[in-house]
Amino acid sequence: MMADPGALALIGLLLPAVSFLILAVIAPFRRSGRPAAYTSILFAAGSLAAAIGAWRGHAEGQVTRLAWEWLPSNGHSIATIGVLADRDSTLMLILVALVALLVQLYSIEYLHGEAPAALGRYYTYHSLFAFSMMGVVLAPNLLQLFICWELVGLCSFLLIGFWYQKPEAARAAVKAFWTTKAGDIGLLIGIVLLWRVTGTFDLGELRTMVASGAVPVEGLSLITFCIYLGAVGKSAQFPLHTWLPDAMEGPTPVSALIHAATMVTAGVYLLHRTVFLFPPDVLMVVAWIGAFTALLAAVLACVQDDIKRVLAYSTVSQLGYMMAAIGAGFSAAGFFHLLTHGLFKALLFLGAGAVIHAVHSNDLSHMGGLAKKMPQTALVFGIGTLSLAGIPLFGGFLSKEEILSATLAGHQTGPFVLLMVVAFLTAFYMFRVVFLAFFASPAAAGHYVNAGPGTVVSGFSRTHDGPPKGGHYTAPHDPPAVMILPLWVLAALSLAVGVYSTAAGRVLQFGPGAEGAGEHVAPPWLTPAAVGVAIAGIALAWLVYQRRTIDAGKLAAVFGPIRYAALHKFWIDDIYEGILAFALLALSRIVGWLDRYLVDGVLNVVSAWTVSTGDLLRTVQTGRAQDYVYGVAVGLLVLLLWMRWALT
Amino acid sequence: MGLQAYLILAATVFCIGLFGVVTRRNTIGILLGIELMLNAVNINLVAFSHFNASTTGMIFTLFTICITVSEAAIGLALVILLFRVRRTVMADHLDLLKG
């Protein structure tokens, strides 16, 4: 079956598109629910197989470029459309296809209570998402990338708002759409400016132009900064990170696929693909904003009581990590973390989904002691948490350390220090979740959660028709096989990647040539320091939430002001709301005045003139035949006189 | 007497007719004015026919007289109908077309 690997990548890309078309066009089939779901899953599985085949053909660094003419103009084409398959894109393709398949499989059971029509709609969106995300991954030029980028944003909007009857979900969907759009405008401007300078959208051509020095250096900072803005919106970097936690209003599997593993990492992927364009000053900004975002989100994650929101902030934080690595000049390290993060964060989200499915609530205070009732879920969730904390032998260990050493090697000491703090906080807040949800007794968990002011309780899983009924602890248990299987697959892969990379050491080579990880030598103290910090975080969480040696209330009091600010999300949302409300009000006042007095005024004057002129003219029309005869006679006389005097 | 005298007569009769058409308030008066204008034309035709030694004008005049008679008949019939409907034949009351 060794078909051409490039063609395989194309097949992998097109299979979800076919599935989407089938589901979108044949409405009765879509509304049938389960059959539609199975179709989508079948195509996703085919897509995964094709992606693996494509990767095998490119694992050694081969590059396949399939391109067709598009937008012809004056004999040459402005843009091509096609597929650019190389090692990085096919690896990412596998990640997308794999997580998409597992999430679709998982959703069958997770959404078992949905109406068939809603289920069909869900899978239609999922197919479209898989296609567009793969389109982003395989795009050989920036124009095609942008189109798929927007499609991905659309799918995100549709799936966040899947339960559109719920006002918070509809609001969150719109917020996500607008916030990412704010960044996308930057991306579009950047792409067009770049085209003006270089005359091409093609990534390969751009690379050769940069290598030969054909790209003018002045203005490049602005262009790359604009491109970076797109990544800021999509990858939820400060200050556009506020949409991602709200996006948790969507179904949990959607959060796992779109808002953890794939779509939000598109920004990181974009920078990884275009990093050769970036001048050092912009990379510096990328690194600092990445590290700052990581810290901000980690602090926010520590005070959340909604399990999904903790994970959402953790995603923002990890995206900051990847950005910091790219900013330090080692985009391959960021890409490596993207892959491992995609695995274990999808695992964590799906695990959280299993918990929510069992407890019928997102709130940590409704959980506790679940390890005994849901042993399998607890185990895989633990694997995911250890991966995220960066413990050796688990998925995130080496990739995280690569990033830390990349920031050191890139002489970004400031971001490095921030990221070390984040590593500590990451371990702390994740194990806070683990201890509260899986080990602490329910009552105690409730006590801790309600200790602080401004407890955030956001929604419940609507799948289960209403809030927990009476004793929500009646029978939480491990989910059925179709839900637990994807969890095990992801856990196994996280472990496999972790064990393999730990054993192989820092020899994994990602990305072509210059950006390859592993050419910088980390100082020997880095590994112990990183692991030590993570273990310290775990230990603190254990002391506070498990042993209760340290009272959570006292700990909260120590960090009083920070905690207070974090509970209000550092007022960033409020600032946006204030600015937007003020700006919109001011703008609408001005526009209203202009409309009322300028536009309407001109129209009123013109219409008044017309009416008065008409009134004047209508008096001529007396309606009496004699007057008309008189007019004809006088007219004839004038005509005759004119002919007599003027024409002769 | 030359052609000019006839033409002046015809023009005078035409103008009297036109004046009648424009100024009379009674519809029947307007019809009379129209008759006058048509007869002015007849005078013109006959005069030209005589001085040009051609019979075409005469023939035309015969036709015109016929048409004038029928026109008068139809016009009077219209006036009678008009009177039945509007109970008036005064021209300045017939201003349904006033803008």
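See the structure above.
Rules behind the numbers
- Residues numbered from 1 in each chain as written.
- Chains lettered and ligands numbered in written order.
- Predicted model: local features only at pLDDT ≥ 70, side-chain atom pairs only at ≥ 80, totals over all residues.
- Helix = DSSP H or I, 4+ residues; strand = E, 2+ residues; numbered from the N terminus.
- Buried ≥ 20, exposed ≤ 12 C-beta atoms within 10 Å, placed from the backbone.
- Contact = placed C-beta atoms within 7 Å.
- Rg over C-alpha atoms; globule rule 2.2 N^0.38 Å.
- Axes fitted to C-alpha atoms, helices over the stretch in contact; angles between N-to-C directions.
- Left-handed = near helix turned anticlockwise from the far one by under 90°.
- Nonpolar A, V, L, I, M, F, W, Y, C, P; charged D, E, K, R; others polar.
- Expected span 1.5 Å × (residues − 1).
- Core = buried A, V, L, I, M, F, W, Y, C linked by C-beta atoms within 7 Å.

Asks: Please clarify how the overall build of chain A should be interpreted in this entry.
Replies: If you tally the helices and strands in chain A, you get 26 helices and two strands. Along the longest, intermediate and shortest principal axes, the C-alpha atoms of chain A span 120 × 65 × 50 Å. In chain A, which comprises 648 residues, the proportion classed as buried is 52%. Looking at chain A alone, contacts between residues at least 24 apart form 82% of all its contacts between residues at least 6 apart.

Asks: Would you mind showing me how to read the overall build of chain B here?
Replies: The number of helices and strands found in chain B is three helices and zero strands. For chain B, the succession of helices and strands along the chain, N to C, is α-α-α. Taken against the 2.2 N^0.38 rule, which gives 13 Å for 99 residues, the C-alpha radius of gyration of chain B at 17 Å runs more than 25% over that of a compact globule. When the backbone C-alpha atoms are referred to their principal axes, chain B occupies close to 50 × 25 × 20 Å. The buried share of chain B, reckoned over its 99 residues, is 14%.

Asks: Hey, could you run me through the packing of helix α15 (residues 331-359) of chain A against helix α17 (residues 375-389) of chain A in this one?
Replies: All names here are of chain A. Closest axis-to-axis distance for the α15/α17 pair is 9 Å, and the angle between their directions is 145°. Both α15 and α17 take part in a crossing whose hand is left-handed. Residues F344, L347, L348, G351, A354 and V355 of α15 touch α17, and the partners they reach there are T377, V380, F381, G384, T385, S387 and L388.

Asks: Can you walk me through the interface of chain A and chain B in this structure?
Replies: The figure often quoted for interface size is the accessible area lost as the parts come together. With ten residues of chain A at the interface, the matching set in chain B holds eleven residues. Per-element accounting of the side of chain A that touches chain B gives the leading share, five residues, to helix α26 (residues 625-646) of chain A. Of the residues that constitute the side of chain A that touches chain B, the class distribution is four nonpolar, four polar and two charged.

Asks: What exactly am I supposed to notice about helix α6 (residues 142-160) of chain A here?
Replies: For an α-helix, 3.6 residues make a turn, and residues three or four places apart therefore share a direction. Counted at 1.5 Å a residue, the expected span for α6 of chain A with its 19 residues is 27 Å, and the 26 Å between its end C-alpha atoms agrees. Taken across its 19 residues, α6 of chain A has 15 buried, putting it largely inside the fold.

Asks: It is not clear to me how helix α4 (residues 87-110) of chain A should be interpreted in this structure. Could you clarify?
Replies: With 24 residues, α4 of chain A should reach 34 Å at 1.5 Å per residue; the first-to-last C-alpha distance of 34 Å fits that figure. Of all the 24 residues making up α4 of chain A, 22 are buried; the element is thus mostly covered by neighbouring parts of the structure.

Asks: Is there a simple way to think about the nonpolar core in this case?
Replies: Proteins that are soluble and globular tend to have nonpolar side chains buried together. Residues L93, V96, A346 and L419 of chain A are the most contacted members of the largest nonpolar core, which totals 208 residues. Leaving out residues up to four positions away in the same chain, L419 of chain A has contacts with A291, A294, Y321, A324, I403, L404 and T407 of chain A.

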